[in-house]
Amino acid sequence: MAGTTKGPAGDGPRRGFRSAELGWPELHRIPRPPHRLPLLGDVLGAHGSTPVQDTLRYARQLGPIFRRRAFGKEFVFVWGAGLVAELADEARFAKHVGLGVANLRPVAGDGLFTAYNHEPNWQLAHDVLAPGFSREAMAGYHRTMLDVAQRLTARWDRAQADGRAVDVPGDMTRLTLETIARTGFGHDFGSFERSRPHPFVTAMVGTLSHAQRLNTVPAPLAPWLLRRASRRNAADIACLNRTVDDLIRARRTAPGQGDLLDRMLETAHPVTGERLSPENVRRQVITFLVAGHETTSGALSFALHHLSRQPEVAARARAEVDRVWGDTAEPAYEQVARLRYVRRVLDETLRLWPTAPAFAREAREDTVLAGAHPMRRGAWALVLTPMLHRDPEVWGPDAERFDPGRFDAAAVRSRPPHTFKPFGTGARACIGRQFALHEATLVLGLLLRRYELRPDPGYRLRVTERLTLMPEGLRLHLDRRTAGATPPPLEPAARDGGSAPRCPVRGAGD
Ligand code: HEM
């Protein structure tokens, strides 16, 4: 199949080595934790439900490249900025579909996120769907994003009037799911009218958690240890499939307005004339519904946590919103990109909490990493983004401190490339980046303009993991703002410019 853009891998299939011994001939040079248990591996002090946070602890002890063994498999992790810059070189490395991502293949198949580099449907879908993320397309989504955000503020107004705290991750998930469902697929999940998450969300969280759990259990024992969990996972996948099939069926009878689903169903490849198969459309719809909301929801939640804890940052962001949006009842598309400081708050949030916390890279040919670590073709490493974003050589000794000033234009220019990677890298980087940033900036702007955020004084940030990261149990108290505060002078940059039900749709469990 010919494509209009360069493919991520170019030629034939790659099979990544399941364990690092085969792909890294000089593995012994890479540090590992000192207390390795027979059979179990490097699991001392680890908690099965927080694999990323466990690995971050090892990273701090062992340095910019290290390895960890768990249940018979050895993995190489990389976070030093120089090493990551090498792995980002598309001529030598490509995306590796491994670990958690490969575990999602039963759900998302050769959809855009989970496709192997050699699968022809990656290039086909990428070329057909990329125009759905152009600037013009974003401007078209703006109105719907605004409508969904206003449903959030209506909900928060009610909570505020009743003196109730708001459930931040729950409400951000409602918001981002509705946004991608309506902009991309013309579908209304009714998230704001439900007291519990939509069954699609419950099934999605189930499959993501299951994919993560599969990595923490020895493969030969998984069929026994996870028998019940696997049955539940099958029911969750069936729920996702049914929801999506219903959505596609509805579109066949009522035409859409040129959204992502129309593209998937109607648009032929500009060069080859090929179309996505019905099975692939199903995979893509699930991919976009999941990838299009879970990570943005986490990013917004972490951002609101930091804004509530740092009143001076919130005040500066709010002052910018007041200045740039003035009395406009509803900000126009162009007014969102002008919220430069709010955008820096988001960047700084994604630095500390990249909500998709790792991505894997594999060698296209035999190569040597940093002149010291030989890798065979197909050998791979996991880039630990939260540690890359804390590398003291790039971010300084106070890298844990939340400071949006790190994203001032001059500070960004002074850093080497490939040091900030919340959206992955290269041909397989996030296609939804601009979508996420527009949506999140708009929503933060609207919330800052309307409310003062008060944290629960007893709350300490806890991070829950289900392949993605999310603050756990974060609740905020709201005060409605009174209009009329005089904004401070313009800065130069601004001048220019509970347990939810399982899927009820037609008998879950099949
Ligand atoms: C803050 C929000 C988001 C973050 C942090 C994020 C992060 C990422 C990362 C790190 C990757 C690369 C994964 C890898 O290399 O294995 C990726 C890929 C992808 N993302 Fe996002 N994402 C976000 C929002 C979105 C949105 C809103 C959409 C859709 C509307 C989306 C759709 C996708 C898809 C389809 C891919 C696969 C692209 C490909 O392989 O061609 N993401 N994302």
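Residues numbered from 1 in each chain as written. Predicted model: local features only at pLDDT ≥ 70, side-chain atom pairs only at ≥ 80, totals over all residues.

In the annotation of an unreviewed UniProt entry, the entry for the protein reads Cytochrome P450, and the organism field reads Streptomyces cyaneogriseus subsp. noncyanogenus.

We now examine the sheet that holds strand β9 (residues 451-455). With antiparallel pairing, 3 strands are arranged side by side in an open sheet as β4-β12-β9. Of all the strands in the sheet, the pair left with one neighbour each is β4 (166-167) and β9. Bridge analysis of β9 against strand β12 (residues 475-480) gives 5 bridges, and the strand direction is antiparallel. Looking at the pairing, Y451 lines up with R480 of β12. Those strands touched by helix α14 (residues 294-309) are β9 and β12, and its axis lies near 85° from that of β9. (Pairing = 2+ DSSP bridges. Helix = DSSP H or I, 4+ residues; strand = E, 2+ residues; numbered from the N terminus. Contact = placed C-beta atoms within 7 Å. Axes fitted to C-alpha atoms, helices over the stretch in contact; angles between N-to-C directions.)

This part takes up the site of the ligand. Close contacts around the ligand come from 27 residues, with G292, T295, G424, C430 and G432 the closest. Counting only elements with at least two residues in the shell around the ligand, the list comes to α13 (278-291), α14 and α21 (433-450). (Near = placed C-beta within 6 Å.)

The buried count for strand β2 (residues 73-78) comes to 5 of 6 residues, which makes it a mostly enclosed element. Here strand β1 (residues 65-70) runs beside β2; their pairing, made up of 6 bridges, is antiparallel. Bridge pairing in β2 places R68 opposite F75. Connecting β1 to the antiparallel partner β2 that follows it, the hairpin turn spans 2 residues, and F71 within it adopts a positive phi of roughly 50°. Two elements, β2 and strand β8 (residues 380-384), share 2 bridges in a ladder whose sense is parallel. Residue pairing for β8: V78 is matched across the bridge by V383. (Buried ≥ 20, exposed ≤ 12 C-beta atoms within 10 Å, placed from the backbone.)

The biggest cluster of nonpolar side chains holds 75 residues, and the ones touching the most others in it are F77, V78 and V383. What V383 contacts, discounting residues up to four positions off in sequence, is V78, W79, V84, L87, A358, F359, R361 and L388. One finds V166, A436, L437 and A440 within the second-largest nonpolar core, a separate group that totals 46 residues. (Core = buried A, V, L, I, M, F, W, Y, C linked by C-beta atoms within 7 Å.)

Their axes nearest at 9 Å, the elements helix α15 (residues 311-325) and α21 cross at an angle of 100°. On the basis of the axis angle, α15 is roughly perpendicular to α21. Listed contacts from α21 to A314, A317, R318, V321, D322 and W325 of α15 are G445, L448 and R449. A class-by-class count of the residues in the contact of α15 with α21 yields 5 nonpolar, 1 polar and 3 charged. (Parallel < 35°, antiparallel > 145°, perpendicular 65-115°, else oblique. Nonpolar A, V, L, I, M, F, W, Y, C, P; charged D, E, K, R; others polar.)

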